[in-house]
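# Coordinates in review
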Amino acid sequence: MHQFFTEAYRGTLVSDFWAAYESVCAGDYQKCIPHLLRELLKVDQHNHSPQWRAFGKQLRRLVRDGIRLRKRPDFTPDRYRSRIKLIHRRLCTLADAAYHDPDAARLGQRVSKHRDHLFTFLDTPGVPSDNNHAERQVRPAVIIRKNSLCNRSEDGARTQAVLMSVYRTLRLRGIDPTKAIAQALRAMLQTGTLPALPVETVADG
């Protein structure tokens, strides 16, 4: 899978803020906006300091302005380039500010680190602002694992993770996974290397 993301995949990886994702993709990133908003809500429950409240308010407003812009019926990156640049400038101002509140400092660092990957959905057509689609793709594998009383071993867990990733990728490309995997294994036995992933029109899953 690491080889696939670093050598074969050139799209935009939409993910949460888990640091491991940053070392596997040769393409661009979009960090999940709902994950960020949920973190703000979580901190709101225990932090009522003025600086945190101001930080949270500004970040929410910025994110919602970006989402509203993307939802405009006539939206294209070129048509709203000046508005997009303004959103990026506001983001940089928020990310570069100094904070003495621990939560504001922590989230400020996160925003600063991912400033180039929070509004990719405004710059790249077809990229969503959340990773809901990816989580829906993972759900069938999670149900299988639960119904089969888990994987029983670490090797079993790793095997299922790889197989389910390959299976769902092929399904999304409109390819029969059983036939494609069998053909790939035959090709590997004959040539010693796995063939490239079949290129097909992406389906809805």
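Anything mentioned here points back to the structure above.
To start, this report covers the structure provided alongside it. These numbers come from a predicted model, not from an experiment.

Here is what the cut-offs are and how they apply
- Residue numbers run consecutively from 1 along every chain, following the written order of its sequence.
- Residues qualify for local features only when their pLDDT is at least 70, as the model is predicted, and side-chain atom pairs are given and counted only at 80 or more; totals for whole chains, interfaces and linings, by contrast, use all residues.
- In computing side-chain values, all of the structure's heavy atoms are included and hydrogens and water are not.
- Numbering goes from the N terminus for both helices and strands, where a helix is a DSSP run of H or I of at least four residues and a strand is a run of E of at least two.
- It only takes one pair of heavy atoms within 4.5 Å for two residues to be counted as in contact.
- Methods summary: accessible areas were calculated by the Shrake-Rupley approach with a probe of 1.4 Å, and residue burial reflects only the protein chains presented.
- Between N-to-C directions, angles span 0 to 180 degrees; the directions come from axes that are lines fitted to C-alpha atoms, helices contributing only their stretch in contact.
- These descriptions rest on fixed angle ranges, namely under 35 degrees for roughly parallel, over 145 for roughly antiparallel, 65 to 115 for roughly perpendicular, and the rest for oblique.
- Only Asp, Glu, Lys and Arg are considered charged, only Ala, Val, Leu, Ile, Met, Phe, Trp, Tyr, Cys and Pro nonpolar, and every remaining residue, Gly among them, polar.
- What is meant by a nonpolar core is a set of buried Ala, Val, Leu, Ile, Met, Phe, Trp, Tyr and Cys residues, joined one to another through side-chain atoms within 4.5 Å.
- Each residue is assigned to one of three classes by its accessible area relative to the maximum for its type, calculated with a 1.4 Å probe on protein chains only: buried under 20%, partly exposed between the two thresholds, exposed over 50%.
- In what follows, salt bridge is the name for a side-chain nitrogen of Lys or Arg lying within 4 Å of a carboxyl oxygen of Asp or Glu.
- It is the rotation of the near helix from the far one that decides the hand of a crossing: anticlockwise by less than a right angle makes it left-handed, clockwise makes it right-handed.

## What about the overall build of the protein?
Across its full length, the protein carries nine helices and two strands. Along the protein, from the amino end to the carboxyl end, the secondary structure elements read α-β-β-α-α-α-α-α-α-α-α. Within the protein, contacts between residues separated by at least 24 positions form 57% of all contacts whose residues are at least 6 apart in sequence. Total accessible area computed for the protein in this model is approximately 13200 Å², and 55% of it derives from carbon and sulfur atoms.

## Re the packing of helix α2 (residues 33–44) against helix α5 (residues 102–113)
Packed helix pairs are specified by the crossing angle of their axes together with the interaxial distance, meaning the distance between the axes. Between α2 and α5, whose axes approach to 12 Å, the crossing angle comes to 175°. If you check the angle between α2 and α5, you find them roughly antiparallel. Taken together, the residues of α5 that come into contact with α2 (itself represented by Leu36, Glu39, Leu40 and Val43) are Asp103, Arg106, Leu107 and Arg110. Grouping the amino acids of the contact of α2 with α5 by side-chain chemistry returns four nonpolar, no polar and four charged.

## Some points on the nonpolar core
Among the nonpolar cores identified, the biggest contains 27 residues, and Trp52, Phe55, Leu59, Leu69, Leu118, Phe119 and Leu122 are the most heavily contacted of them. Contributions of two or more residues to this core are made by α2, α3 (50–70), α4 (81–96), α5 and α6 (120–123). A per-element tally of this core places α3 first, with six residues. Setting aside residues up to four positions removed in sequence, Leu118 forms contacts with Phe17, Gln30, Lys31, Ile33, Leu36, Leu91 and Val111.

## Observations concerning the pattern of salt bridges
Opposite charge on two side chains permits them to pair, given that their charged atoms come into close proximity. If you walk through the whole model with that rule in mind, you get 10 salt bridges. Residue Arg106 is joined to Glu39 by a salt bridge in which the shortest nitrogen-to-oxygen separation is 2.9 Å. Highlighted residues: Arg106 in helix α5 and Glu39 in helix α2, separated in sequence by 67 residues. For Arg106, a relative accessible area of 34% puts it in the partly exposed group. Measuring nitrogen to oxygen at the nearest pair gives 3.0 Å for the salt bridge that ties Arg90 to Asp65. With Arg90 in helix α4 and Asp65 in helix α3, this residue pair connects regions lying 25 residues apart in the sequence. A network of salt bridges, in which partner residues are shared, links Glu39, Asp103 and Arg106.

## Structural notes on the packing of α2 against α3
Between α2 and α3, the shortest axis-to-axis distance is 11 Å and the interhelical angle comes to 155°. As summarised for this structure, α2 and α3 are arranged roughly antiparallel, according to the angle between their axes. Here the hand of the crossing between α2 and α3 comes out left-handed. Within the contact between the two elements, α2 uses Ile33, Leu36, Leu37, Leu40, Leu41, Val43 and Asp44 and α3 uses Trp52, Phe55, Gly56, Leu59, Arg60, Val63 and Ile67. Split by residue class, the contact of α2 with α3 holds 11 nonpolar, one polar and two charged.

Structural measurements only, silent on function.
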